[in-house]
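Geometric and topological summary
As a plain string of letters, each chain reads:
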Amino acid sequence: MVTILGTGNMARGIGTRLLAAGADVTLLGTQAAKAEALAAELRGAASGGAAVKSGVVGDPIADEIIVLAVPYAAAGSLLQRYATQLGGRTVVDITNPLNATYDGLVTPPGSSAAEELAHVVPEATLVKAFNTTFAQTLVAGQVAGQPLDVFLAGDDAAAKARLAQLVQAGGMRPIDAGPLQRARQLEALGLLHITLQSTLGTGFASAVKILP
Ligand SMILES: NC(=O)c1ccc[n+]([C@@H]2O[C@H](COP(=O)([O-])OP(=O)(O)OC[C@H]3O[C@@H](n4cnc5c(N)ncnc54)[C@H](OP(=O)(O)O)[C@@H]3O)[C@@H](O)[C@H]2O)c1
């Protein structure tokens with residue numbers, strides 16, 4: 001159902017929540033052994049009947065939803081590599097396009113990582129999500145007993161709704177933040193949340209949440 005490109009911290013976090021949602025997951029990494037090790041870890045932790053497969057970047061993608069769990073610097077070339085396979089599919093951009101000193105964004109003014117990546121694969125549908133949720137909180141599935149808020153931005157209502165269903169089924173609260181352009185604000189929020197970790201001493205275990 002969902003292919004995750006990347007086998008790092010966010011692949012673990014999002015993979016955990018997708019399996020909780022009952023979604024089959026395929027992990028594609030730069031190294032087969034690392035991808036299979038994470039697949040085995042996720043299989044061991046999952047309680048439902050969803051399947052976890054692994055492979056390497058370059059393997060064909062069969063799934064309709066593809067999560068880009070790689071650094072922003074690697075995302076564009078990875079999308080280019082898969083461009084011919086992505087027509088009509090949903091690409092979920094989770095990146096925070098941080099600069100080298102982690103105190104600013106590398107994207108041009110008036111744009112966002114999500115919009116820049118959408119230009120790379122115009123035949124795909126881009127949805128921004130998960131950039132404000134830290135990896136370890138996705139594994140835990142909650143912060144302070146509260147479900148995680150996952151902000152979604154995209155121009156295709158059906159693609160956003162399908163992803164929102166998975167987010168909800170995975171025990172989180174999807175919040176439709178609006179069109180893909182809202183990724184600009186979500187990425188600024190992601191940066192703020194990251195920089196506040198040292199201020200607050202929260203060790204990347206905090207969540208951005210809208211309370212009623
Ligand atoms: N960590 C968080 O809490 C968090 C929260 C929100 C958003 N994000 C975003 O999520 C994305 C992933 O972050 P992460 O924390 O999961 O990073 P990570 O643990 O360092 O994992 C990054 C993954 O990307 C792969 N990768 C790197 N360059 C690649 C390339 N050129 N081609 C293919 N794969 C490549 C790495 O593969 P190998 O290492 O095996 O080579 C690794 O599997 C980033 O864009 C980050 O901004 C992270």
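Look up a bit, the structure's there.
The buried count for helix 4 (residues 113-120) comes to six of eight residues, which makes it a mostly enclosed element. The set of residues buried in helix 4 consists of Ala113, Ala114, Glu115, Glu116, Leu117 and Ala118. Against the buried residues of helix 4 lie helix 3 (72-82), strand 5 (90-93), strand 6 (125-128), strand 7 (149-154) and helix 7 (183-200).

We now examine the site of the ligand. What surrounds the ligand is a group of 24 residues, the closest being Gly8, Met10, Val70, Ala74 and Thr95. Elements represented by at least two residues in the shell around the ligand include exactly helix 1 (9-20) and helix 3. Considered class by class, the residues forming the shell around the ligand number 13 nonpolar, 10 polar and one charged.

Turning our attention to the packing of helix 1 against helix 2 (residues 32-45). Running from N to C, helix 1 and helix 2 point in directions that differ by 35 degrees, and their axes come no closer than 10 Å. Once helix 1 is placed against helix 2, the crossing between them reads as right-handed. On helix 2, the residues that touch Ala11, Arg12, Gly15, Thr16 and Leu19 of helix 1 are Leu38, Leu42 and Ala45. Residues of the contact of helix 1 with helix 2, tallied by class, amount to five nonpolar, two polar and one charged.

Before going further, it helps to spend a moment on the packing of helix 3 against helix 4. Here helix 3 crosses helix 4 at 20 degrees, and the two axes come no closer than 9 Å. In terms of their interaxial angle, helix 3 and helix 4 are classed as roughly parallel. Two packed elements cross with a definite hand, and for helix 3 against helix 4 that hand is right-handed. Within the contact between the two elements, helix 3 uses Tyr72, Ala75, Gly76, Leu79 and Gln80 and helix 4 uses Ala113, Leu117 and Val120.

Counting 60 residues, the largest nonpolar core has Val67, Leu68, Ala69 and Val92 as the members making the most contacts within it. Once residues within four sequence positions are removed from consideration, leucine 68 is found in contact with Leu5, Ala75, Leu78, Val91, Val92, Asp93, Ile94 and Thr95.

Moving on, we get to unusual backbone geometry. For phenylalanine 130, which is not a glycine, the phi torsion comes out positive at approximately 65 degrees. A count of 28 C-beta atoms within 10 Å places phenylalanine 130 in the buried class. Even without being a glycine, alanine 144 presents a positive backbone phi close to 55 degrees. Here alanine 144 lies in the loop between helix 5 (135-140) and strand 7.

The alternating pattern of strand 6 places Thr125 and Val127 on one face and Leu126 and Lys128 on the opposite face, and all of these are buried. Of the pairings in the sheet, the one linking strand 5 to strand 6 comprises four bridges and is parallel in character. Bridge pairing in strand 6 links valine 91 to leucine 126. In this view, the connection linking strand 5 to its parallel neighbour strand 6 by way of helix 4 has right-handed handedness.

Read across the sheet, eight strands follow the order 3-2-1-4-5-6-7-8 without closing on themselves; strand pairing throughout is mixed. Bordering the open sheet on either side are strand 3 (52-56) and strand 8 (173-178), each of which pairs with just one other strand. The mean angle between the axes of side-by-side strands here comes to 25 degrees, regardless of whether they run parallel or antiparallel. Where strand 2 (residues 25-29) and strand 3 come together, five bridges link them in parallel fashion. Paired with leucine 28 across the two strands is glycine 55, which belongs to strand 3. Of the strands in this sheet, strand 1 (2-5), strand 2, strand 3 and strand 4 (65-68) are in contact with helix 1, which crosses strand 2 at around 165 degrees. This element, helix 6 (residues 157-169), spans strand 4, strand 5, strand 6, strand 7 and strand 8 of the sheet and lies at about 170 degrees to strand 7.

Calculation rules
- Residues numbered from 1 in each chain as written.
- Predicted model: local features only at pLDDT ≥ 70, side-chain atom pairs only at ≥ 80, totals over all residues.
- Buried ≥ 20, exposed ≤ 12 C-beta atoms within 10 Å, placed from the backbone.
- Helix = DSSP H or I, 4+ residues; strand = E, 2+ residues; numbered from the N terminus.
- Contact = placed C-beta atoms within 7 Å.
- Near = placed C-beta within 6 Å.
- Nonpolar A, V, L, I, M, F, W, Y, C, P; charged D, E, K, R; others polar.
- Axes fitted to C-alpha atoms, helices over the stretch in contact; angles between N-to-C directions.
- Left-handed = near helix turned anticlockwise from the far one by under 90°.
- Parallel < 35°, antiparallel > 145°, perpendicular 65-115°, else oblique.
- Core = buried A, V, L, I, M, F, W, Y, C linked by C-beta atoms within 7 Å.
- Pairing = 2+ DSSP bridges.
- Right-handed = clockwise from strand over helix to strand, strands pointing away.

Honestly, it's all geometry; don't read function into it.
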